[in-house]
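Spelled out from the first residue to the last, the chains are:
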Amino acid sequence: MLCFSENLVRLVMDKIPSGSVNLRSHILDSGYIMSDTLTLDVFGRRVEVNGEHATVRFSGVVPPTAGLWLGVEWDNPERGKHDGSHEGTVYFKCRHATGGSFIRPNKVNFGVDFLTAVKNRYVLEDGPEEDRKEQIIIGNKLVETVGFDSIIKQQSQLSKLQEVSLRNCAVNGAGGKGGIAETCPNIRKLDLSRNLLSSWDEVILIADQLKHLDVLNLSENKLQFPSGAPSLTGTFSAMKVLVLNRTGITWAKVLQCVPGWPALEELYLESNNIFISERPTDVLQMLKLLDLSGNQLIDENQLFLIAYLPRLEQLILSNTGISSIHFPDAGIGCKTSMFPSLQYLVVNDNQISQWSFINELDKLQSLHSLSCLRNPLTEVNKDAQTVRQLIIARIGQLKTLNKCEIPVEERRGAELDYRKAFGNEWKKAGGHQDPDKNRPNEEFLAAHPRFQLLCLKFGAPEDGELKTQQPFMLKNQLLKLKIKCPNQLDQKVIEKQLPGVQKLTYHQPPSKQ
């Protein structure tokens, strides 16, 4: 007698025509599949309605209308009509005044389990010409199937999957116990973003069956995380990349869960309103990349709490509103002990308006790459190329700026120009070509901490290099050109003002015969 897994029998059931009542009843009677039941407790469930996602906050009657209603809070508050109240009665509460609606249950999609979503996306149906009848024994009964060979073929297809994307497939949970491990155990990269998962417990039930899982994307699932520290089951022991963008997770919940992510190297926490309230202790020791973009509550004091993660190489702080940074443990010309391994920093779309921010970045001992776009410092009345040169000159070890490599020649030119541009200010502050008399004041050194180093590298700027520059206007950039024809001594000298780059064409006048 042959024995088959519950998941395999489910695949058989899917192949049985809906009219084959007797065959279906035989399989159900065998005890391998229990009939579906509709749970009455829908509170907190994630649902989808016409492409919009929401959370069920209420289930019941709403007088004076008859019948059952679901009260939902929309992810998009503009989609709703009220705050959970109707005719003076509060049925549920919403974060926004227009975040709620009442909807009939038959209009709501509660989603599908993991395996159903996988099968819908990845199983290729065979044509009718490949179907043939076979007999199999389920329990103690002989049943006749159609296309059983194609079911085996589907099982083989799914077992080979290593990268699976189920984004926006309405996945609500793991489904039957052990089914995932039996059907598609080799998944390594899994995208479950924008689904109907409502709790971290459901995530664990899925991941616990995927022993090779090392990349997991859960973005845009409004997850309820455990109130206490979850048990260390080894579920995520191999996971290296975890994406939790827009999931509602807090920093406290991150620290509760991270002991279960011992091998984690990349953590993405974009747009969660995160406030870093506590220093990680004995966790995140393997972390190389941390993305905190879109968390508007973050400031420099919070960054200091994560400054000693030993392997952190990449830190993404785009659109956090950060405007200042200061490393108090390092003076002018010294390196900070904070962020010892940080090589790549992204601070795009922030409120950086002072050069002191850039100066502080020179204190990072390992920083090689910087992205600093769309900040007041770089956008307001600034020539992009000039700003680039100033940043290069102020951060000595930088090799890449805004994803563009810095050649040796560009660095040399930027540092020489910087030395000339601020040479007069240096002299007024007490700078001097004679090393014994070179004592610029603290104010200048704080504003230009690398200037003295550049003087040692290229020599102190000479007086001839420090001519007062005219304002950058076209009339100040024109060259005076005197034109005289040697063959026509009686002709006056012609004076012209031309741009620095100009193509001239000379027409020889006809000679007098």
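Being a predicted model, the structure only gives us computed values, none of them experimental. (Residues numbered from 1 in each chain as written. Predicted model: local features only at pLDDT ≥ 70, side-chain atom pairs only at ≥ 80, totals over all residues. Heavy atoms only, no water.)

**What about unusual backbone geometry?**
So the rule is basically this: Counting from the N terminus, the helices are the DSSP runs of H or I reaching at least four residues and the strands are the DSSP runs of E reaching at least two. Burial classes follow relative accessibility: with a 1.4 Å probe on protein chains only, a residue under 20% of its type's maximum area counts as buried, one over 50% as exposed, and anything between as partly exposed.
Cis geometry marks the peptide bond from Pro63 to Pro64, where omega comes out at 5°. The residue Pro64 is located in the loop between strand 2 (52-61) and strand 3 (68-74) in this model. Phi at Arg246 takes a positive value of approximately 55°, unusual for a residue other than glycine. A relative accessible area of 30% means that Arg246 is categorised as partly exposed. Positive phi outside glycine occurs at Leu284, with the angle close to 60°.

**Concerning empty space enclosed by the protein**
Let me state the cut-off plainly: Think of a 1 Å grid over the protein atoms and nothing else: a 1.4 Å probe that fits but is trapped marks a cavity, an open set flanked by protein within 12 Å on at least five of seven lines marks a pocket, and residues with an atom within 4 Å of a point count as lining. Grid points are joined across faces, edges and corners, and a volume is the space filled by probe spheres set on the points.
This model, assessed by the stated rule, comprises two cavities of 30 Å³ or more. Along the wall of the largest cavity there are 13 residues; nearest its centre are Leu303, Leu315, Leu317, Ile325 and Leu345.

**Regarding the environment of Cys257**
Looking at the element boundaries, Cys257 is found in helix 7 (residues 251-257). Residues Cys257 and Val283, spaced 26 residues apart in sequence, show a C-alpha to C-alpha distance of 9.8 Å.

**Description of the packing of helix 12 (residues 408-421) against helix 15 (residues 451-458)**
Inclusion rule: What counts as an axis is a line fitted to C-alpha atoms, over the stretch in contact for a helix, and the angles between N-to-C directions run from 0 to 180 degrees. Reported orientations rely on four angle classes, namely roughly parallel under 35 degrees, roughly antiparallel over 145, roughly perpendicular from 65 to 115, and oblique for the rest. Crossings are classed by handedness, with left-handed meaning an anticlockwise turn of the near helix from the far one by less than a right angle and right-handed meaning a clockwise turn. Any two residues having at least one pair of non-hydrogen atoms within 4.5 Å are treated as being in contact. In this count, Pro and Cys sit with the nonpolar residues alongside Ala, Val, Leu, Ile, Met, Phe, Trp and Tyr, while Asp, Glu, Lys and Arg are called charged and the others, Gly among them, polar.
Interhelical geometry of helix 12 versus helix 15 gives an angle of 110° and a closest axis separation of 10 Å. One way to sum up the angle between helix 12 and helix 15 is to call them roughly perpendicular. In the packing of helix 12 onto helix 15, the handedness of the crossing is left-handed. In this structure, helix 12 contributes Arg412, Glu415, Leu416, Tyr418 and Arg419 to the contact, and helix 15 contributes Phe451, Leu454, Lys457 and Phe458. Looking at the contact of helix 12 with helix 15, its residues break down into five nonpolar, no polar and four charged.

**Digging into the side chain of His82**
Applied cut-off: For the purposes of these results, a polar contact is taken to be a pair of N or O atoms within 3.5 Å, where, inside protein, one atom must be able to donate a hydrogen and its partner to accept one; residues adjacent in sequence count only when each atom of the pair is a side-chain atom.
Mapped onto the secondary structure, His82 falls in the loop between strand 3 and strand 4 (85-86). Of the polar contacts made by the side chain of His82, one reaches the backbone nitrogen of Gly84; its length is 2.9 Å. When neighbours within four sequence positions are excluded, His82 is seen to be in contact with Phe92, Cys94, His96, Ala97, Thr98, Gly99, Gly100, Ser101 and Phe102.

**Examining the packing of helix 11 (residues 384-394) against helix 12**
For the pair helix 11 and helix 12, the least separation of the axes is 8 Å and the interaxial angle reads 90°. Considered as vectors, helix 11 and helix 12 are oriented roughly perpendicular to each other. Within the contact between the two elements, helix 11 uses Gln385, Arg388, Gln389, Leu390, Ile392, Ala393 and Arg394 and helix 12 uses Glu410, Arg411, Ala414, Glu415 and Tyr418. The residue inventory of the contact of helix 11 with helix 12, partitioned by class, reads five nonpolar, two polar and five charged.

**Observations concerning the sheet that holds strand 1 (residues 46-49)**
The test is simple: Note: two strands are recorded as paired if DSSP finds a minimum of 2 bridges between them.
Across the sheet, four strands lie side by side as 1-2-3-6; this open sheet has antiparallel pairing. With partners counted over all chains shown, the strands left at the sheet margins are strand 1 and strand 6 (100-103), one partner each. Strand-to-strand twist of the sheet, defined as the mean angle between neighbouring strand axes without regard to direction, takes the value 45°. Pairing between strand 1 and strand 2: four bridges, direction antiparallel. When the sheet's bridge partners are listed, Glu48 is paired in strand 2 with His53.

**A few points about the pairing of strand 3**
Counting buried positions along strand 3 yields six of seven residues, so the element is predominantly enclosed. As judged from the seven bridges shared by strand 2 and strand 3, these two strands associate in the antiparallel manner. What sits directly across from Gly60, in strand 3, is Trp69. Connecting the antiparallel pair strand 2 and strand 3 is a turn made up of six residues, with Gly67 showing a positive phi of about 90°. Bridge count for strand 3 against strand 6 is four bridges, and the pairing is antiparallel. Within strand 6, the residue paired with Glu73 across the bridge is Gly100.

**Quick look at the packing of aromatic side chains**
Rules: Here the aromatic set is Phe, Tyr and Trp, taking the six-membered ring for Trp, and pairing holds for ring centres within 6.5 Å; pairs whose planes are under 30 degrees apart are stacked, those over 60 apart are edge-to-face, and all others are tilted.
Tallied over the full model, the rule gives 12 aromatic pairs. Where Tyr91 meets Phe102, the ring centres are 5.6 Å apart and the plane angle is 90°; that geometry is what we call edge-to-face. With Tyr91 in the loop between strand 5 (89-90) and strand 6 and Phe102 in strand 6, the pair connects residues that are 11 residues apart, well separated along the chain. A single burial state applies to Tyr91 and to Phe102, both of which are buried. Measuring from ring centre to ring centre gives 5.7 Å for Phe92 and Phe102, while their planes differ by 85°; the resulting arrangement is edge-to-face. Taken as a pair, Phe92 in the loop between strand 5 and strand 6 and Phe102 in strand 6 lie far apart in primary sequence, 10 residues in all.

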